[in-house]
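Structure at a glance
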Amino acid sequence: MSRRKFDEMSEYDSGRDRKRRRTDAVEIEDRLESLIIRVGEKSTSSLESNLEGLASVLEADINNYKGKILKILSDCAVKMPEKTTIYTTLVGLLNAKNYNFGGEFVDMMARKLKEALKACMWKTARYVLRFFSDLVNCHVISTNSLLQLLHTFLDTAKDDNSPQVRSDTYVYAVLSCLPWVGRELYEKKEQDLERLLKHIEIYVRKRTRKHMPGLRVWRSDRPHPQEEYLDCLWAQICKLRSDMWQEKHIARPYVAFDSILCEALQHNIPPLTLPPHHADNTYPFPWVVFRLFDYTDCPEGPVLPGAHSIERYLIEEHLHNIIKEYHQERKQCAAVLLDFPLKHKIPLEYMIVEVVMAELFHLPQPRYIEICYGSLLIELCKLQPATMPQVLAQAVELLFDRIDTMNVCCFDRFVNWFAYHLSNFQFKWSWDDWLEAAQLDPMHPRAKFIIEVLLKAMRLSYRQRIAEVVPEQFDCFVPMKPEPVYKFANDTADIPGLDTAQRLESVIRAKGMTTEVLQALSELPNPLLRENEDAEPTHNPLQIQVFVQTILHLGSKSFSHAFAGISKFLKVFESLVGNNEEAQILVLKEMHDVWSTHQQMVVMLCDKFLRTQIVSCASMANWIFSKEMTSEFTKNYIWEILHGTIRKMNKHVAKLQREVNDARERRTGNDSDDSSSDEEEQRPRPSEEEIERMEEKLETAQADQKNLFLIIFQRFIMILSEHLVRCDTDGRDFNTHWYRWTIGRLHQIFMMHNTQVERYSQTLSTLLFTQDLDPHILDAFNQFVALRS
């Protein structure tokens with residue numbers, strides 16, 4: 001064999017060996033990752049023996065795979081908070097065997113904490129702090145260094161130049177880790193612990209709570225006091241302190257290894273300097289703790305932990321984490337919730353329902369889309385048919401009993417969820433229990449709830465089906481038959497434009513084009529000429545009336561027919577309406593006259609008019625607040641339209657902002673950057689002129705967005721001020737059903753669109769929400785501002 005051939009074979013063999021070694025290393029790393037992640041899952045062996053075995057396996061591999069093991073453990077510490085004590089025990093056992101490894105792990109977690117705080121990843125930071133706290137129990141970290149870190153967190157409370165929400169976030173992190181380490185600190189450092197608690201108590205007492213009314217699900221504290229989250233956790237920690245820091249929920253596997261762990265050397269957490277506050281930092285919004293049940297609501301069996309017991313906090317947090325982990329897989333989420341550890345020691349179904357409802361009613365926004373919670377509750381009912389439907393029915397009754405003082409945002413979510421839930425159970429419900437609502441004012445929350453639920457249910461079914469499932473006494477609540485009202489249907493009536501409407505109908509039925517339609521409409525006189533002969537009219541209201549009525553009448557068979565008609569004659573709309581706001585509002589008025597009995601059709605047509613730019617967002621808002629819509633003003637579908645309008649504007653601005661940012665990045669990018677793959681086409685670099693045009697477009701959109709919010713808030717202020725002045729003049733109580741719905745809707749705009757409104761809060765404060773405004777109206781703005789202050 002030639003020397004060259006031999007060298008080639010040698011190179012091939014060595015390459016194959018390197019590849020095999022790399023493959024073997026990857027397999028071992030994957031096996032280690034699987035072992036670490038799955039520890040604590042159901043097993044034939046005890047948790048303690050599994051931990052002991054795993055610690056031995058990892059110790060054997062530390063020299064070769066130390067970096068990988070450190071990374072997996074540090075990730076598990078923050079991504080699996082429900083297994084905190086399992087991983088702290090594992091780290092404790094490894095530290096007892098290998099002091100240097102324990103030190104490197106503490107340093108890595110300290111870096112993770114620093115990075116999390118800098119990146120405003122508050123939940124990650126809180127879980128790292130909790131992990132450090134539990135490592136004290138495992139003799140990995142000294143109590144003095146933990147206390148020093150906790151005091152560093154509490155020092156934010158002394159910073160007068162940062163918002164309260166920043167201090168709240170740090171104080172909450174400290175409070176939330178005390179259930180894990182409180183007993184250890186009490187036994188070893190009682191005076192230091194008391195000093196720590198005294199600092200927290202002073203802060204909790206002095207902090208402002210202006211934000212709280214806007215975040216409450218109910219205005220009333222009966223039957224359950226509604227507590228702000230920090231106040232509630234502080235009360236729970238105080239109760240834990242009075243119980244000598246003994247709790248009954250946290251599993252502590254390290255107790256079994258105390259004789260091993262107590263021999264280990266301890267580490268100090270590296271000193272930490274907290275990142276300063278910056279104006280662009282985002283902090284979690286405060287929230288009000290949701291309470292629906294107490295122990296008297298639960299039948300015989302395990303007792304529901306008290307509102308101020310630490311177990312209530314720990315269990316609820318664990319349930320919230322399960323929903324966060326599995327919310328995209330409703331079946332798995334329901335199964336994991338029902339398989340909750342210690343489920344036989346608590347009324348699990350009640351606690352699950354309360355937590356899911358807390359998520360659904362969370363203000364200012366739920367964490368996930370509302371349908372997520374509805375589908376999860378249905379899966380829970382399927383998996384636990386013997387108990388869950390009854391608990392859920394009991395929850396609905398309690399919510400209905402307390403609906404008089406319910407926040408308007410939560411009222412809407414309750415309506416939407418309940419209608420959806422009923423549609424999955426053939427609309428069966430004990431309607432007879434609510435018969436007294438038929439005697440109430442239609443604007444009363446109980447009557448209004450039933451009306452709105454049946455309207456939503458009709459969207460998910462059909463009117464006759466809804467009419468059949470409710471008792472006869474609810475006929476006053478059953479929606480009207482959704483039929484169009486065509487103004488020109490009566491041939492004998494003497495109505496202006498009747499002849500043209502009939503001719504136009506014939507033209508459209510004969511597949512006439514835009515020019516023919518405009519020709520037919522051109523015969524109509526302009527009534528505005530008689531009113532003001534000097535000025536040239538900007539539009540012809542009679543033409544708009546005839547055209548809109550006729551096109552919607554001909555397209556009344558379905559949504560698709562109506563949309564097709566609008567799309568086909570878009571040029572006609574442009575010709576008749578243009579950019580004139582009065583003309584656009586007239587289009588909406590005529591549309592509503594045709595479909596006043598079909599709320600869903602009105603919602604869909606409004607969306608279509610916005611998408612096709614027949615109507616502007618500002619015109620839509622002005623129409624909603626117009627006198628013609630007074631009778632509809634408190635109905636849910638009107639606010640569905642307004643929120644949809646605001647969202648459309650917000651999405652438009654966000655899209656333009658992304659395009660500008662992308663263009664700037666490409667403009668300033670490196671010419672020689674060939675990092676993009678061959679499959680991706682290299683987009684041309686935009687010129688300065690192109691970017692300037694894009695920025696001008698963005699500025700115009702932002703001005704439109706700002707104008708939309710100014711219109712909405714100005715109209716709110718006008719109608720509420722008029723009501724308050726009129727009631728004061730007449731000597732009547734202003735706190736009517738209409739007032740509560742309207743002020744509630746104002747709060748809702750602030751809450752649902754808080755991110756966008758916040759950009760213009762300074763302008764709103766200067767122009768609209770000034771100090772001379774009625775306090776009842778000004779409070780809504782102040783509560784919104786307090787969310788971030």
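Thresholds, definitions, all that
- Residues numbered from 1 in each chain as written.
- Predicted model: local features only at pLDDT ≥ 70, side-chain atom pairs only at ≥ 80, totals over all residues.
- Heavy atoms only, no water.
- Helix = DSSP H or I, 4+ residues; strand = E, 2+ residues; numbered from the N terminus.
- Contact = heavy atoms within 4.5 Å.
- Polar contact = N/O pair within 3.5 Å; in protein donor to acceptor, adjacent residues only side chain to side chain.
- Phe/Tyr/Trp six-rings, centres within 6.5 Å; stacked < 30°, edge-to-face > 60°.
- Lys NZ or Arg CZ within 6 Å of the ring centre and 35° of its normal.
- Buried < 20%, exposed > 50% of the residue type's maximum accessible area, 1.4 Å probe, protein only.
- Core = buried A, V, L, I, M, F, W, Y, C linked by side-chain atoms within 4.5 Å.
- Expected span 1.5 Å × (residues − 1).
- Axes fitted to C-alpha atoms, helices over the stretch in contact; angles between N-to-C directions.
- Parallel < 35°, antiparallel > 145°, perpendicular 65-115°, else oblique.
- Left-handed = near helix turned anticlockwise from the far one by under 90°.
- Nonpolar A, V, L, I, M, F, W, Y, C, P; charged D, E, K, R; others polar.
- Patch = residues over 30% accessible without salt bridge, like charges linked within 9 Å, V, L, I, M, F, W, Y side chains within 5 Å.
- Areas by Shrake-Rupley, 256 points an atom, 1.4 Å probe, with all protein chains shown as cover.
- Salt bridge = Lys/Arg side-chain N within 4 Å of Asp/Glu carboxyl O.
- Lys, Arg positive; Asp, Glu negative; His and termini not counted.
- Charge placed at Lys NZ, Arg CZ, Asp CG, Glu CD.

**Points about the environment of Gly92**
Checked against the element boundaries, Gly92 lands in helix α3 (residues 84–97). Other than its neighbours up to four places away in sequence, Gly92 contacts Cys138, Val140 and Leu261.

**A look at the environment of Asn424**
Its location among the elements puts Asn424 in the loop between α16 (408–423) and α17 (445–459). Along the chain, Asn424 and Leu610 lie 186 residues apart, while their C-alpha atoms are 32 Å from each other. A polar contact of 2.9 Å, which involves the side chain of Asn424, links it to the backbone oxygen of Tyr420.

**Some details on the packing of aromatic side chains**
Counted according to the given criterion, the structure contains 49 aromatic pairs. One residue, Lys448, lies across the ring of Trp741, its end atom 5.4 Å from the ring centre.

**Focus: the side chain of Thr742**
Mapping Thr742 onto the fold places it in helix α30 (residues 737–752). Thr742 sits in the buried class, given a relative accessible area of 1%. Not counting the four nearest positions on each side in its chain, Thr742 is found in contact with Phe633, Phe716, Ile719 and Leu720.

**Description of the nonpolar core**
Ranked by size, the top nonpolar core spans 168 residues in total, and within it Phe449 and Phe769 carry the most contacts. For this core, the element with the most residues is helix α29 (residues 688–730), which contributes 12 residues. Apart from the residues within four sequence positions on either side, Phe449 is in contact with Phe400, Ile403, Phe411, Phe414, Val415, Phe418 and Trp434. Residues Leu73, Phe132, Ile141 and Leu146 belong to the second largest nonpolar core, which totals 89 residues.

**Examining helix α8 (residues 190–206)**
With 17 residues, α8 should reach 24 Å at 1.5 Å per residue; the first-to-last C-alpha distance of 25 Å fits that figure. Taken together, the buried positions of α8 are occupied by Asp192, Leu193, Leu196, Leu197, Ile200, Glu201, Tyr203 and Val204. Of the surrounding secondary structure, the elements contacted by the buried residues of α8 are α6 (143–154), α7 (164–188) and α9 (229–242).

**What to know about unusual backbone geometry**
Here the residue pair Arg222 and Pro223 is connected by a cis peptide bond, since its omega of 0° sits within 30 degrees of zero. Here the residue pair Leu363 and Pro364 is connected by a cis peptide bond, since its omega of 10° sits within 30 degrees of zero. Along the polypeptide, Pro364 turns up in the loop between α13 (348–360) and α14 (370–383). Located in the positive-phi region is His139, a residue other than glycine, with phi close to 60°. With respect to the secondary-structure elements, His139 resides in the loop between α5 (122–137) and α6. What makes His139 buried here is its relative accessible area of 12%. The phi torsion at Met244 lies on the positive side, around 60°, for a residue other than glycine. By the element assignment, Met244 lies in the loop between α9 and α10 (258–261).

**With respect to the environment of Lys568**
On the secondary structure map, Lys568 appears in helix α23 (residues 559–568). Along the primary structure Lys568 and Thr514 are separated by 54 residues, whereas in three dimensions their C-alpha atoms are 8.3 Å apart. The residues touching Lys568, leaving out its near neighbours within four places in the chain, are Lys511, Gly512 and Thr514.

**Here we look at the packing of α3 against α5**
Where α3 meets α5, the closest approach of the two axes is 9 Å, and the angle between their N-to-C directions is 55°. Relative to α5, the element α3 is oriented oblique. Remark: the crossing between α3 and α5 carries right-handed chirality. In this structure, α3 uses Thr84, Thr85, Tyr87, Thr88 and Val91 to contact α5, whose residues at the interface are Arg130, Phe131, Asp134 and Leu135. Here the residues of the contact of α3 with α5 are counted per class, giving four nonpolar, three polar and two charged.

**Description of a negative patch on the surface**
On the surface, a cluster of negative charge is made up of Glu689, Glu690, Glu692, Glu696 and Glu699. Within the secondary structure, Glu689 sits in helix α29. A relative accessible area of 49% places Glu689 in the partly exposed class.

**Notes on the side chain of Asn526**
Within the fold, Asn526 resides in the loop between α20 (514–521) and α21 (527–531). Classification of Asn526 as buried rests on a relative accessible area of 14%. Within the local environment of Asn526, its side chain forms a polar contact with the backbone oxygen of His539, the two atoms lying 3.1 Å apart.

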